[in-house]
Amino acid sequence: MKITKVSKSLTYYITTDDPEFPDYRTDDNGENWENYLGGIWNPVFDYVRIKELQELFREWKKKLIEGRYIKKDIMII
């Protein structure tokens, strides 16, 4: 057996204040969204929710780049 390809993937795990669907994960670009339900990750299909999550994620990344978060706001695992 030989390794034919290796890809590095960065995943962000996100907790929201939504009581019904609080836990999400996405890729580095915030394009592909999954929601943690019933012990498994499920793709998010709701277009409106995806757009809202993408916007919030872009705002968060912009603040991160600008240095507007302090260390306690970020947990790297």
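Quick summary incoming for the structure in this document. (Residues numbered from 1 in each chain as written. Predicted model: local features only at pLDDT ≥ 70, side-chain atom pairs only at ≥ 80, totals over all residues. Heavy atoms only, no water.)

### Overview of the overall build of the protein
Applied cut-off: Runs of E in the DSSP output that reach at least two residues are strands. Runs of H or I that reach at least four are helices, and both are numbered from the N terminus. Exposure is judged per residue with a 1.4 Å probe applied to protein chains only, and the accessible area is read against the type maximum: over 50% gives exposed, under 20% gives buried, and values in between give partly exposed. Throughout, a contact is declared for two residues whenever any of their heavy atoms are within 4.5 Å. A 1.4 Å probe and the Shrake-Rupley method give the accessible areas. Residues count as covered only by the protein chains that appear here.
For the protein, the helix and strand inventory stands at one helix and four strands. Element order for the protein, N to C, with α for helix and β for strand: β-β-β-β-α. For the protein, buried positions account for 17% of its 77 residues. Nonlocal contacts in the protein, meaning residues at least 24 apart in sequence, comprise 24% of its contacts between residues at least 6 apart. Here the protein displays about 6,800 Å² of accessible surface, and carbon together with sulfur accounts for 56% of that area.

### Looking at the pattern of salt bridges
Let me state the cut-off plainly: We define a salt bridge as a side-chain nitrogen of Lys or Arg found within 4 Å of a carboxyl oxygen belonging to Asp or Glu.
Applying the stated rule across the entire model yields four salt bridges. Here Asp18 ties to Arg49 by a salt bridge, and the two come within 2.8 Å at their closest N and O atoms. In this pair, Asp18 sits in the loop between strand 1 (11-15) and strand 2 (23-27) while Arg49 sits in helix 1 (residues 47-66), placing the two residues 31 residues apart along the sequence. One salt bridge in this structure joins Asp28 and Lys61, with 3.2 Å as the shortest N-O distance.

### What about the nonpolar core?
Rules: What we call a nonpolar core is a set of buried Ala, Val, Leu, Ile, Met, Phe, Trp, Tyr and Cys residues that are connected through their side-chain atoms within 4.5 Å.
If you look at the biggest cluster of nonpolar residues, it comprises eight residues: Tyr12, Ile14, Tyr24, Trp33, Val44, Ile50, Leu53 and Phe57. A per-element tally of this core places helix 1 first, with three residues. Excluding residues that lie within four positions of it along the chain, Ile14 makes contacts with Pro22, Asp23, Tyr24, Thr26, Trp33 and Phe57.

### Re helix 1
Rules: To estimate how far a helix should extend, the number of its residues minus one is multiplied by 1.5 Å. Comment: arc refers to directions from the helix axis out to C-beta atoms. Pairs of N or O atoms are called polar contacts if they sit within 3.5 Å, as long as, within protein, a hydrogen donor faces a hydrogen acceptor (for residues adjacent in sequence, only side-chain-to-side-chain pairs).
In a regular helix each residue adds 1.5 Å, so 20 residues correspond to 28 Å; helix 1 covers 29 Å between its end C-alpha atoms and thus fits that length. What helix 1 keeps buried is the set Ile50, Leu53, Gln54 and Phe57. All buried residues of helix 1 lie within an arc of 105 degrees about the axis, which places them on one face of the element. Of the residues in helix 1, the exposed ones pointing more than 90 degrees away from the buried face are Val48 and Lys62. For helix 1, the side-chain oxygen to backbone nitrogen distance between the N-cap and Val48 is 3.0 Å, and the N-cap itself is Asp46. Gly67 sits one or two positions beyond helix 1 and adopts a positive phi of about 75 degrees.

### Quick look at the sheet that holds strand 4 (residues 40-43)
Where we set the bar: One requirement defines pairing of two strands: DSSP has to find at least two bridges between them. Geometry is summarised by axes, namely lines fitted to C-alpha atoms with helices restricted to the contacting stretch, and by angles between N-to-C directions that run from 0 to 180 degrees.
Overall, antiparallel pairing links the four strands, which are arranged 1-2-3-4 in an open sheet. Both edges of this open sheet fall to strand 1 and strand 4, since each of them pairs with a single strand only. Between one strand axis and the next, the sheet turns through 30 degrees on average, direction left out of account. Sheet analysis places strand 1 next to strand 2, joined by five bridges and oriented antiparallel. When the bridges of strand 2 are listed, Tyr12 appears paired with Thr26.

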